[in-house]
Structures are given as structure tokens and as C-alpha cells.
Amino acid sequence: MALRRTSRITGVVTSRFRLGEADRVLTLLSPERGKFKAIAKGVRKPSSRLGGGVEPFAELHLGLASGRTFDVVTQVQSARVWLGLRGRLGSSAVAWYAAELVERATSEEQPEPALYDLLLRAWDLLESGAADLLVARWTELGILDAAGHGPELDACLDCSRAPLEGEELRWDAEAGGIRCATHGEGAPLSSDALRLLRALRRFAPEELAALRLPAAALLEVDRALRGSILALYGREPRSRSFLDEVMA
Ligand SMILES: [Zn+2]
């Protein structure tokens, strides 16, 4: 048998699916390697040595052997576990959603350490008790910014005029940003929603708590960023409908 190339790497599981009787194919994200797939053989058997080690919401040290199609996980050790996310349905739904957003923004075998950090920061925020929906919106905005599609929040995309206090604006998901009522169309975006978007970009949790925003502003921001994410990826993330169900 030919000698297999082996490697060690740090990463997180962003998605997984079952293969055959007892295996799982994992999509992993690593700051050094970007996105890649690996197979965890026999991992669904109770006797598996890998077993609980390849759970989600954990940063793992992995031993890998190169395989025919995918690398094969030979060893796994948890470096850090976000245990708080596993027991809370809302937080874990946002954590999976954030993982999918980051997974889709990362290319195969292309290191994207900033996106990796964004995902870990989202999990940190969730675990520290930040509101689940705010973390979901923060992650969406962070992805857009990191992908070079960060929406314009300071001036109308058309006339470059800064919005006045209390002015009702429009959101342009395709071009990315705000427009004044004269130069935009579609659903209105209130100045409360704009304040929330700006605070999310800074993500100062105490500032967000102090905003005392009407629930309507959160809905407007949800709709605006949802449109922007759709424009970025061309379709809705798979985990979005589960998130909506959990949050309903
Ligand atoms: Zn304008």
C-alpha cells in the first residue's frame, strides 16, 4: 500500500452529512487551509474513537491522512468547545446559520483567517448571551463587509447626501446601501433601522442594549440584510428556514 501523506490542522466543522452505515463527511474550515472536506470513518458507531470529538461548535486539532477523494480524519482533539450553544435551540440555530454563511463565503483550500475569526467571534457572542437575532444580523453584515460588499450606511448611493435625523430612507440590496427617498424605491428603511445597522457594524453590545429600538427596526434590518445576503450568494442559505422556524 502506498504511504499516505498525513497532516495536522486546527479547524471547525461547518456542516456534515451521513455517508453509508457509520461514516460522516465533514466540511471543515481552517485558518491555514480554508474550506475542505474530510471523512470521519465509523464515527456514528458507539464504539468510535473519534465519536464525540467531531461535534459541532468546537475548535478541533485534527490529524488527517490524504485519501482518494477526501482526507480521512485519523485523530481529533477538542481545543475549545462552545458548550453553551448546544443546549439552546435559538443560539444553536444562529450558530449553524453563521457557520453556513462563513462556509459559503470561503473558497476550497483558500485560507481566509478573517472569516474564520468572524465565525468564532459570532459563537463567542452567542455564548456570552448576546441576543441571538442581533448576532445573526451582525454576522450577515460582517460577511458582506469581508466579501467587499459592505453596504453604504453613511450617504445616499446616488446623490451622496448624508441622511438627516429621522429621515425615511430606502434600502438597495443589489448595489448595497441606503438611498434617499428621491433616489430609491421599495420598502422604507427608518432612521432607527439605520442606527441599528451602524451599531451592528461597530458591534458594541452595550451600545446595542442602550438603543432601545422598536421591534419594527429589527424587522427592517432583518429584511434589508436578508436581501443583501441573497444578492451576494444568489440564493438563501439552507439553514435560514430552520432559523426562521426557531425564531417564529
Ligand atoms: Zn439621494
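Just so we're clear, the structure is a prediction, and the values are computed from it rather than from any experiment. (Residues numbered from 1 in each chain as written. Predicted model: local features only at pLDDT ≥ 70, side-chain atom pairs only at ≥ 80, totals over all residues. Heavy atoms only, no water.)

S.K.: I'm lost on the domain arrangement of the chain in this one. Help?
M.R.: How big an interface is tends to be reported as the loss of accessible area on association of its parts. Domain parsing of the chain yields domain 1 (6-81) and domain 2 (84-247). Computed over C-alpha atoms, the centres of domain 1 and domain 2 are 30 Å apart. Counting from both sides, the interface comprises 23 residues of domain 1 and, opposite them, 23 residues of domain 2. Viewed at the interface, domain 2 and domain 1 are joined by 2 salt bridges. Ionic pairing is found between Arg33 and Glu109, a salt bridge with its closest N-O pair at 2.8 Å. (Domains from an automatic or database assignment. Contact = heavy atoms within 4.5 Å. Salt bridge = Lys/Arg side-chain N within 4 Å of Asp/Glu carboxyl O.)

S.K.: Even after reading the chapter, I still don't get the packing of aromatic side chains, so can you show me in this structure?
M.R.: Working definition: an aromatic ring pair is given by the centre-to-centre distance plus the angle between the planes. Taken as a whole, this structure holds 3 aromatic pairs when the rule is applied. The interplanar angle of 75° and the centroid separation of 5.4 Å between the aromatic rings of Phe57 and Trp123 together place this pair among those described as edge-to-face. Of the two residues, Phe57 is situated in the loop between strand S3 (34-40) and strand S4 (58-65) and Trp123 in helix H3 (residues 113-127); the sequence distance between them amounts to 66 residues. Each of the two residues, Phe57 as well as Trp123, counts as buried. An angle of 70° between the planes, with centres 5.2 Å apart, marks the rings of Trp82 and Trp123 as edge-to-face. Of this pair, Trp82 sits in the loop between strand S5 (71-81) and helix H1 (83-86) while Trp123 sits in helix H3, and the two are 41 residues apart along the sequence. An aromatic cluster is built from Phe57, Trp82, Trp96 and Trp123, whose rings are joined through pairwise contacts. The ring centre of Tyr233 lies 4.8 Å from the NZ or CZ of Arg104, which sits over that ring. (Phe/Tyr/Trp six-rings, centres within 6.5 Å; stacked < 30°, edge-to-face > 60°. Helix = DSSP H or I, 4+ residues; strand = E, 2+ residues; numbered from the N terminus. Buried < 20%, exposed > 50% of the residue type's maximum accessible area, 1.4 Å probe, protein only. Lys NZ or Arg CZ within 6 Å of the ring centre and 35° of its normal.)

S.K.: Looking at this model, I keep getting lost on H3. Mind explaining?
M.R.: Residues spaced three or four apart along an α-helix point in a common direction, a consequence of the helix completing one turn every 3.6 residues. Between its terminal C-alpha atoms H3 stretches 21 Å, which fits the 21 Å expected from 15 residues at 1.5 Å a residue. Listed as buried for H3 are Leu115, Tyr116, Leu118, Leu119, Leu120, Ala122, Trp123, Leu125 and Leu126. Elements in contact with the buried residues of H3: strand S1 (6-19), strand S2 (23-30), S4, H1, helix H2 (89-105) and helix H4 (132-146). (Expected span 1.5 Å × (residues − 1).)

S.K.: Just to check I follow, could you spell out the coordination of the zinc ion for this structure?
M.R.: Under ideal tetrahedral coordination, the four donors around a metal are separated by 109.5 degrees; under ideal octahedral coordination, the six donors are separated by 90 or 180 degrees. Taken together, Cys156 (SG), Cys159 (SG), Cys180 (SG) and His183 (ND1) make up the full set of protein donors to the zinc ion, lying 2.1 to 2.4 Å away. For the zinc ion, the 4 donor atoms in the first shell make angles of 89 to 121° at the metal, so the coordination geometry reads as tetrahedral. Sequence spacing of the donors to the zinc ion: C-x2-C-x20-C-x2-H. Looking at Cys180, the relative accessible area reads 4%, which means it is buried. (Donors = N, O, S within 2.8 Å, 3.2 Å for Na, K, Ca; no water. Tetrahedral: all angles 85-135°; square planar, octahedral: opposite > 155°, others 65-115°.)

S.K.: Looking at this structure, how should I read the packing of H4 against helix H5 (residues 191-202)?
M.R.: Packed helix pairs are specified by the crossing angle of their axes together with the interaxial distance, meaning the distance between the axes. H5 packs onto H4 with a crossing angle of 75° between their chain directions and a minimal axis gap of 9 Å. The orientation of H4 relative to H5 falls into the category roughly perpendicular. In this structure, H4 uses Leu134, Arg137, Trp138, Leu141 and Asp145 to contact H5, whose residues at the interface are Leu196, Leu197, Leu200 and Arg201. Across the contact of H4 with H5, the residue classes break down as 6 nonpolar, no polar and 3 charged. (Axes fitted to C-alpha atoms, helices over the stretch in contact; angles between N-to-C directions. Parallel < 35°, antiparallel > 145°, perpendicular 65-115°, else oblique. Nonpolar A, V, L, I, M, F, W, Y, C, P; charged D, E, K, R; others polar.)

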